[in-house]
Amino acid sequence: MSAARPDGVRMRLIGWALVLALAGLPLTWIPLASLGGFDLTLPYALSIALGAALLLRVLRAMLAASALIPAVTLWLVPYLAYLFVLKLHLAGLPDNGMILRQLFFLTCGGTIATAILLCGGEARLLRRGGFAALAGFVVVAEIHARQLGMSWLDAVTRFLSGDLNFVIYKFLRPIFQSASGDPGEVPASLKNAVSGGMLIALVLFRAGHESAARDSRGWVVTLITLVILVLLNTRSVLLIAALVLPGAAIIATLRRPSHSANRLVVKLLIGALALALGAMMLLNGSAATDLIESRFTFEDASTGGRFAQFSFALAGIERHVIAGSGLHEINGLLVHNLFLGAWLHGGLLAFLLVLLSYCAMIGLWGRFVARIVTQRGYWLLPVRAEWVAMLPVLAFFRVWIAGDAGHPGYPEWISITGFFALVLANAQARRPVARRASYPVAREAFA
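No experiment lies behind these values; they were computed from the predicted model shown. (Residues numbered from 1 in each chain as written. Predicted model: local features only at pLDDT ≥ 70, side-chain atom pairs only at ≥ 80, totals over all residues. Heavy atoms only, no water.)

Draft legend 1. Region of the structure containing the packing of aromatic side chains. Tallied over the full model, the rule gives 24 aromatic pairs. Summarising the aromatic geometry, the rings of tyrosine 358 and phenylalanine 396 are spaced 6.2 Å apart at their centres and angled 80° between planes, so their arrangement reads as edge-to-face. In this pair, tyrosine 358 sits in helix H14 (residues 338–374) while phenylalanine 396 sits in helix H16 (residues 393–398), placing the two residues 38 residues apart along the sequence. You can call phenylalanine 396 buried: its relative accessible area is 5%. An angle of 80° between the planes, with centres 5.1 Å apart, marks the rings of phenylalanine 419 and phenylalanine 420 as edge-to-face. Taking relative accessible area as the criterion, phenylalanine 420 reaches 1% and is therefore assigned buried. Ring pairing ties together the aromatic residues Trp75, Tyr79, Tyr82, Phe368, Tyr378, Trp379, Trp413, Phe419 and Phe420, which thus form one cluster. (Phe/Tyr/Trp six-rings, centres within 6.5 Å; stacked < 30°, edge-to-face > 60°. Helix = DSSP H or I, 4+ residues; strand = E, 2+ residues; numbered from the N terminus. Buried < 20%, exposed > 50% of the residue type's maximum accessible area, 1.4 Å probe, protein only.)

Draft legend 2. Highlighting the packing of helix H4 (residues 98–118) against helix H17 (residues 410–430). Interhelical geometry of H4 versus H17 gives an angle of 30° and a closest axis separation of 8 Å. Relative to H17, the element H4 lies roughly parallel. Two packed elements cross with a definite hand, and for H4 against H17 that hand is right-handed. Mapping the contact onto sequence places Gln102, Phe105, Leu106, Cys108, Gly109, Gly110, Ile112, Ala113, Ile116 and Leu117 in H4 and Tyr410, Trp413, Ile414, Thr417, Gly418, Ala421, Leu422, Leu424, Ala425 and Gln428 in H17. Looking at the contact of H4 with H17, its residues break down into 14 nonpolar, six polar and no charged. (Axes fitted to C-alpha atoms, helices over the stretch in contact; angles between N-to-C directions. Parallel < 35°, antiparallel > 145°, perpendicular 65-115°, else oblique. Left-handed = near helix turned anticlockwise from the far one by under 90°. Contact = heavy atoms within 4.5 Å. Nonpolar A, V, L, I, M, F, W, Y, C, P; charged D, E, K, R; others polar.)

Draft legend 3. A look at the environment of alanine 207. If you trace the backbone, alanine 207 turns up in helix H8 (residues 188–207). The buried category is assigned to alanine 207, whose relative accessible area is 2%. With 176 residues separating them in the primary sequence, alanine 207 and valine 383 have C-alpha atoms 5.5 Å apart. Non-local contacts of alanine 207, meaning those with residues more than four positions away in its chain, are made with Val383, Arg384, Trp387 and Val388.

Draft legend 4. Highlighting helix H2 (residues 42–54). Here H2 contains 13 residues, and its C-alpha end-to-end distance of 19 Å stays within 8% of the 18 Å for a straight helix at 1.5 Å per residue. Within the span of H2, buried status applies to Pro43, Tyr44, Ser47, Leu50, Ala53 and Leu54. (Expected span 1.5 Å × (residues − 1).)

Draft legend 5. Inspection of empty space enclosed by the protein at higher detail. If you walk through the whole model with that rule in mind, you get two cavities of 30 Å³ or more. Taken as a whole, the largest cavity encloses approximately 110 Å³ of empty space. In terms of lining, the largest cavity is formed by Tyr79, Leu338, Val354, Ser357, Tyr358, Met361, Ala395, Phe396, Val399, Pro408, Trp413 and Ile416. Of all elements in the fold, only H14, H16 and H17 reach the threshold of two or more residues within the lining of the largest cavity. If you tally residues by element for the lining of the largest cavity, the top one is H14, at five residues. In terms of residue class, the lining of the largest cavity is made up of eleven nonpolar, one polar and no charged. Quantified by volume, the second largest cavity comes out at close to 30 Å³. In this structure, the second largest cavity is lined by Leu22, Ile112, Ile116, Ile200, Leu204, Leu391, Ile414, Ser415 and Gly418. Within the residue set of the lining of the second largest cavity, elements represented by two or more residues are H4, H8 and H17. Take the lining of the second largest cavity: its biggest share by element is three residues, from H17. A class-by-class count of the residues in the lining of the second largest cavity yields seven nonpolar, two polar and no charged. (1 Å grid on protein atoms, 1.4 Å probe; cavity = no way out; pocket = protein on both sides within 12 Å on 5 of 7 lines; lining within 4 Å. Points joined across faces, edges and corners; volume = space filled by probe spheres on them.)

In structure tokens form, the structure reads like this:
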């Protein structure tokens, strides 16, 4: 008993460290220190702290990490090779730290994935981590807003009255500046990272619902999160959320053993009705709906800027098809597309490696979705499989339009590695109890 009790305490500490690491997903706007030009923010520090907590069970953590390696090899090896090729092309030239960021984000993602696998993909930890991330952002932002004489109520009220500029420039921006202590310009990438972290936290929260009953609390939290995403005004994340929510509902319906077709038709009809009502609201007009309508016309400077970037990248690729053009910026920005950026900066080989990595990831994800829909006994974890399937969707779409040359950011890497960790945890759960002590079952996860 004396040996079992410390072991249980250590696992609980690792579990809570995992919850805290997940809670930091939308808090990338809170810096702690600057190390050689690299800003150590709160989420990064929490990931490092989780890595330290894993030392409490270092042997089992190493087994879990070794099991993850073959599970991600098919897409990770080409991506690491791409980073190596890119580094060779940019040797002696400034790379804006994008290669270092990718390696660091991968390390953080691997640490969180190892902890998820070590804890057996426990649903309660995902539920707590997702809720802590969503509630933590609201609370921390409210604290900083109160210090500035404002609150979330002011932001919502002014938005409904049509004053989006107040929400962005006089509410969110001062809050971000207050947290960082920097009165300078707040980059759009910061707001994008916050929105992405919020969406991933929501998916984790919904995935952690263990009961077979309807997740009523989950829908309440979903609606509140969507309101916050609207206030954050990150169009790409909102569009992806519009795919994630019905996507999870459709998969959940298809996985039901009976009446799945009827339920699917009903949900599709409800979705169509909701879209029709939304369109009617936009057509009737109000201060808030006019703002949303204008935001989604895709005729703003952001859309025009991206088309200019794509034209710039294609022109550079045409001049240097094989070797690439090195690091080039347009209007002080890197091309917001991973594939065009890879070809422009690293040449044809870099592009092919990125394409191979992306296609491998999509293929493994598609195979997983097909399995959970068609094989009734495949998914054994109490975690909701339909929401696990939605984890990497943000990353799949964001690489086409994201800053930093389209490279996945911190939330995207957490969603990717977390997805593969949960799939591997399910593969371990499928094995006979006597064989679960040995972790290397990665081939069974996607075979």
